[in-house]
Amino acid sequence: MSGTPPSLVPTRVQLNRPLPPLTYLAPEDLPAGVRVRVKLRNSLAFGLAMGPDPSPPAAKLRPLELVLDPFPLLPPKLRELHTFAARYYGCLEANLLPLSLPQALLPNWEADEDGQRLSFHRDRGAWGVLADLGEAWHRDPALLPTLLHRALRRGAGFTEVRLTGAPHPPRVTPAQAKLLLALEEAGGSLMEPELLEAAGVGASVLNTLEKRGLVTRMKRVDLLAQRREAGTDRTVVLNDEQQTALDAVALGAFGVHLLQGVTGSGKTEVYLALAERVLAAGRRVLWLVPEIGLTGSLLDRLEARFPGRVAVGHAGLNAGEKHGDVVRLLFNGADLFVGVRNAVLAPLRDIGLIVVDEEQEGSYKSEEHPRVNARDLAIKRAQLEDCPIVLGSATPSLESWQAAQTGRYHLLRLTQRPAGITLPTVEIVDLRDAYRQARRKVIFAPPLLKALTETLARGEQSLLLLNRRGYENFWMCRACGKNLGCPHCAISLTYHRGDFRLRCHLCGHETVPPEACPDCGAEHLRGVGEGTEQVEEHLRQLFPAARILRLDRDTTRRRGSLEAGLLAAEAGHVDILVGTQMLAKGHTFPRLTLVGVINADQGLKVADFRASERTFQLLTQVAGRAGRADLQGRVILQTYSPDHPAISFALAQDFEGFAASELPFRQGLGYPPFTALSLYRAEADTPQEARGALEAFRQRLSVPGLRILGPLEAPVPRIKDRWRMHLLLKGSRGALGEVLARHPLEPAGLIHVDRDPLQFG
Ligand code: ADP
Ligand code: ZN
């Protein structure tokens, strides 16, 4: 082979752009799955090599600009997951790649492997040799410790020293021996300062050993450094139910387990005990949480239990941190990875357990392309890894619940709360009565006002929830009946009194409120529907001495302001918290004993078959915020429809009852979990164009066994001047997959598909 220049063959390349795969000339034997850089028109683009093109276009082909990876960096099972997800969700593998690997993370071709640089093999076209190295590296990343070296050196962080595994030379000095021994005792790697201290030698010894190739230094970004000292592990003795759950999860085999238990029933302790077993067996743990805000106290618990073995990844990290994190995973430098949605695609190898906490949360589903659902992909990943997955929740999604009822998932339940923790009392206030008595609409009915007053007097905290920000939801003209709407979107503008603006919550358009109706000129404009800003104002008038804090998207726009507010509340510097549903989750306010929901029906009015389920979940969740070990909690739900199942079952805190009442409706109407859905959305400059695209698509459909609804106007028919139409397909997962296979969408076309949609707006 030496001497002959490597030959180039037509190769398909997928770009992370809305384009079909393109064909370039690439080195023969270039494995599928390596990243490449190509010229696209006059700019450079990242792409993914997909193997030779059996029928290349006749046009003259361009060569690749650069091959970026010596071999595919992602673990083979993760690549299988990408392939599956791309087919299932109708996206490209190249769209998924950035979710697994930061684009800026580039291997070092000058890395030395047995005296030969990787670039040497590349220049000879020996891709097979590189592929073998890649396979060896996937088995043990310590074999190619310098692969991402250069990138690593850049970031700030800690220097880790590890044994390279090179055979011991016959002669080492006593100082060198001490250092090697200390490293061996630490399991092969240690932070530099700790190592030097443990061995009692100077840095020059380390330098010599590095030069001789016995150890290697790696820079690593350590996100948990500040947390290291935090907290000692509080080992708990599991109660019988927890122990039963723990023993029911068979390790080393695929199985889906649904762990149901109210907040505080001890689910996390079960995950921790499982993780402990899995880590002890030498495998790794992938742990998904729905929101960044929820990771803080969890991380403390994880760090305390598994010091130094935890890594974390989420969207809030800056590029450098993300980088360090992924590098740790690529080098098997972390055994437990915690993260939000995209973490399901993290390059973690040899997974022995996946945990998905709060599995019902909508945030697991991406609402932009690629529209993957991390909960569902996690199940697929567990199947590929042949390991158990535990989905946990107090109020499981009806999809998971039904799967547990039919035996596809294994149901595990925790019914007791640990001693001392009591459930809050829940009361309903019928707003119709309040209206009759006051003869006008009231924001706080007398029972809620009384409870607020009492709670304040006791020096405890209250939380008021209203899922609508702004002062008034919209303005209407009493003379002509029209609402003041956004000129770009088909929704009304919301009044924000603090800024004196009418604002569109979809596109951000804003205007100074007019004196008179822009349509008829009458000066009879009236605001309708209170928002959090108005609730806050009323509270200040009613309780002038109280410390009131409003938390919603308007007051938390600055980075860190939400955290600051929550901290103040946790520290007891707030008497009344008012806000949107961002307050419903996860945080523990030690003195919070009263939760008031201003309008429990609010979520029921949206046209979405999951409206009941979401309302039930929200009310149950927010109720869980009230009360702690020593303080009895109280929840007040204000409603106009006390008999609605979502409200009456939330009152009883009865998930099973709710599920049993809701599932027959779903079945009757042919909705999930009994039927799968694919939502085809079209967006265009005119409604006709959007409708036309979907009609043409509908005409072409040739898959049997589907129910097709539409094209219909989307619930919000226009956003940012784009007209929106929907076509909803109902059928089996298989049939909907068949539609994707037989009728692929043009990547840059008007239509986009959303499989298993959660949002219909
Ligand atoms: P969940 O995840 O269901 O909300 P956690 O596992 O966080 O519940 O448990 C709530 C609290 O109760 C935690 O402080 C936890 O340490 C404690 N706890 C859970 N199980 C036990 C147990 N068996 N013995 C003592 N404390 C427990
Ligand atoms: Zn708008």
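Counting restarts for each chain, with residues numbered from 1 along the sequence as it is written. All chains are assigned letters beginning at A, and all ligands numbers beginning at 1, according to the order in which they are written. For a predicted model such as this one, the threshold for reporting local features is a pLDDT of at least 70, and the threshold for listing and counting side-chain atom pairs is 80 or more; totals across whole chains, interfaces and linings nevertheless cover every residue. Side-chain measures here rest on the full set of heavy atoms in the structure, leaving out hydrogens and waters.

1. Some words on the pairing of strand β14 (residues 336-339)
Stated formally: Only protein chains enter the calculation, and the probe is 1.4 Å; a residue is then buried if its accessible area is under 20% of its type maximum, exposed if over 50%, and partly exposed in between. Where helices and strands are cited, they refer to DSSP runs of H or I of at least four residues and of E of at least two residues respectively, numbered from the N terminus. At least two DSSP bridges between two strands are needed for those strands to be called paired.
Neither face of β14 is exposed, since Leu336 and Val338 on one face and Phe337 and Gly339 on the opposite face are all buried. With 4 bridges connecting them, strand β12 (residues 284-288) and β14 associate as parallel partners. Bridge pairing links valine 285 to leucine 336 in β14.

2. Details of the sheet that holds strand β11 (residues 255-261)
We apply this condition: Angles here are taken between N-to-C directions and fall from 0 to 180 degrees, while the axes themselves are lines fitted to C-alpha atoms, restricted in helices to the stretch in contact. Contacts are assigned to residue pairs with any non-hydrogen atoms lying within 4.5 Å of each other.
Sheet architecture is open: 7 strands sit in the order β13-β14-β12-β15-β16-β11-β17, paired in parallel fashion. In the strand order of this sheet, the two ends are held by β13 (310-313) and β17 (410-414), each with one partner. Within the sheet, the average angular offset between the axes of one strand and its neighbour, ignoring direction, is 20°. Lying on the sheet, helix α9 (residues 240-248) is in contact with β11 and β17; it crosses β17 at an angle near 160°.

3. Looking at the coordination of the zinc ion (ligand 2)
In an ideal tetrahedron of four donors about a metal, each angle is 109.5 degrees. In an ideal octahedron of six donors, the angles are 90 or 180 degrees. Where we set the bar: Coordination shells were defined by N, O and S atoms within 2.8 Å of each metal, extended to 3.2 Å for Na, K and Ca; water is absent from the atom set, which can make sites look incomplete. A site with four donors is called tetrahedral when every donor-metal-donor angle falls between 85 and 135 degrees; four donors are called square planar, and six octahedral, when opposite donors sit more than 155 degrees apart and all other angles fall between 65 and 115; any other arrangement is irregular.
Within the first shell, the zinc ion (ligand 2) binds the protein through Cys486 (SG), Cys489 (SG), Cys504 (SG) and Cys507 (SG), at distances of 2.2 to 2.4 Å. For the zinc ion (ligand 2), the 4 donor atoms in the first shell make angles of 107 to 113° at the metal, so the coordination geometry reads as tetrahedral. Written as a sequence motif, the donor arrangement for the zinc ion (ligand 2) is C-x2-C-x14-C-x2-C. By relative accessible area, cysteine 504 is classed as buried at 2%. For cysteine 507, a relative accessible area of 26% gives the class partly exposed.

4. Looking at the site of ligand 1
Where we set the bar: Neighbouring residues are identified by heavy atoms, a residue being near a molecule or strand if any of them is within 4 Å of it. Between N or O atoms, a polar contact is any pair within 3.5 Å; within protein, one atom must be a potential hydrogen donor and the other a potential acceptor, and residues adjacent in sequence are included only when both atoms are from side chains. For the accessible areas, the method is Shrake-Rupley and the probe is 1.4 Å, while residue cover comes only from the protein chains on display. Note on residue classes: Ala, Val, Leu, Ile, Met, Phe, Trp, Tyr, Cys and Pro are nonpolar, Asp, Glu, Lys and Arg are charged, and everything else, Gly too, is polar.
Arg234, Val237, Gln242, Gly264 and Thr268 are the nearest of the 16 residues found near ligand 1. Measuring from an oxygen atom of ligand 1, one finds a backbone N or O atom of glycine 266 at 3.0 Å. Look at ligand 1: alone it shows 560 Å² of surface, and the protein chains cover 75% of it. It is helix α10 (residues 267-280) that provides the largest number of residues to the shell around ligand 1, a total of 3 residues. Of the residues assigned to the shell around ligand 1, the class counts are 5 nonpolar, 7 polar and 4 charged.

5. Describing helix α20 (residues 645-652)
Quick reminder of the rule: Arc definition: directions from the helix axis to the C-beta atoms.
Regarding α20, the residues found buried are Ala646, Ile647 and Ala650. Buried residues along α20 cover an arc of 95° about the axis, so they all sit on one side. Here the buried face of α20 lies against β18 (425-430), α19 (611-623), β28 (634-639) and α21 (655-669).

6. Here we look at the sheet that holds strand β32 (residues 751-755)
A sheet is described by the order of its strands in space; here 4 strands give the open sequence β30-β31-β29-β32, paired in antiparallel fashion. Each edge of the sheet is formed by a strand with only one pairing partner; in this case those strands are β30 (707-719) and β32. Strand-to-strand twist across the sheet, computed as the mean angle between neighbouring axes with direction ignored, equals 25°. The sheet contacts of helix α22 (residues 687-700) involve β29 (676-684), β30, β31 (722-731) and β32, and relative to β31 the element is tilted by about 20°.

7. A closer look at the confidence of the model for the chain
Which entries qualify depends on this criterion: Per-residue confidence from the predictor is given as pLDDT, running between 0 and 100.
Chain-level pLDDT for the chain is 88 on average; 93% of the residues reach the 70-or-more range. This model gives residues 150-156 a pLDDT under 50, and the stretch forms 15 contacts once residues within four places in sequence are excluded. Confidence drops under a pLDDT of 50 for residues 221-230, and excluding neighbours within four residues, the segment shows 26 contacts in the predicted structure.

8. With respect to the packing of aromatic side chains
Basically, it comes down to this: Between the rings of Phe, Tyr and Trp (Trp by its six-membered ring), a pair exists once the centres lie within 6.5 Å; its type follows the angle of the planes, with under 30 degrees stacked, over 60 edge-to-face, and the other angles tilted.
Scanning the model with the defined rule gives 15 aromatic pairs in all. Judged by centre distance (4.9 Å) and plane angle (90°), the ring pair of tryptophan 401 and phenylalanine 655 falls under edge-to-face. Here tryptophan 401, found in helix α14 (residues 398-405), pairs with phenylalanine 655, found in helix α21; they are 254 residues apart in sequence, far enough to count as distant. Assigned by exposure class, tryptophan 401 and phenylalanine 655 land together as buried.

9. Concerning unusual backbone geometry
Between histidine 369 and proline 370 the backbone carries a cis peptide bond, its omega angle lying at -10°. Here proline 370 shows up in the loop between β15 (351-356) and α13 (374-385). One non-glycine residue, glutamine 653, adopts positive backbone phi at about 50°. Residue placement: glutamine 653 occurs in the loop between α20 and α21. On the accessibility criterion, glutamine 653 (27% relative accessible area) is partly exposed. Non-glycine residue aspartate 756 carries a positive phi angle of around 50°.

10. Notes on the side chain of glutamate 269
Here glutamate 269 lies in helix α10. Within polar-contact distance, the side chain of glutamate 269 engages the side chain of arginine 305 at 3.2 Å. Contacts of glutamate 269, omitting those with residues within four sequence positions, involve Val236, Leu238, Gln242, Arg301 and Arg305.

11. Some remarks on the side chain of glutamine 260
Along the chain, the position of glutamine 260 falls in strand β11. A distance of 3.2 Å separates a polar side-chain atom of glutamine 260 from the backbone oxygen of alanine 394.

12. Examining the pattern of salt bridges
Stated precisely, the cut-off is as follows: Definition used for salt bridges: Asp or Glu carboxyl oxygen within 4 Å of a side-chain nitrogen of Lys or Arg.
One pass over the structure, following the stated rule, counts 43 salt bridges. Across the salt bridge formed by arginine 722 and aspartate 685, the nearest N and O atoms sit 2.9 Å from each other. In this pair, arginine 722 sits in strand β31 while aspartate 685 sits in the loop between β29 and α22, placing the two residues 37 residues apart along the sequence.

13. Quick look at the packing of helix α6 (residues 174-185) against helix α8 (residues 203-211)
Applicable threshold: Working definition: roughly parallel below 35 degrees, roughly antiparallel above 145 degrees, roughly perpendicular at 65 to 115 degrees, and oblique for all remaining angles.
Across the interface, α6 lies against α8 with an axial gap of 10 Å and an inter-helix angle of 80°. Taken together, α6 and α8 sit at an angle that is classed as roughly perpendicular. Residues Ala175, Gln176, Leu179 and Leu180 of α6 form the contact with α8, whose participating residues are Val205, Leu206, Thr208 and Leu209. Taken together, the residues that form the contact of α6 with α8 break down as 6 nonpolar, 2 polar and no charged.

14. A closer look at the packing of α6 against helix α7 (residues 192-199)
Selection rule: By convention the crossing between two helices is left-handed if the near helix lies anticlockwise of the far one by an angle smaller than a right angle, and right-handed if it lies clockwise.
As a packed pair, α6 and α7 sit with axes 9 Å apart at the nearest point and diverge in direction by 120°. Judged on the interaxial angle alone, α7 and α6 are oblique. Of the two possible hands of crossing, α6 and α7 adopt the one that is right-handed. Contact residues: Lys178, Leu179, Ala182 and Leu183 in α6; Leu195, Leu196, Ala198 and Ala199 in α7. Grouping the amino acids of the contact of α6 with α7 by side-chain chemistry returns 7 nonpolar, no polar and 1 charged.

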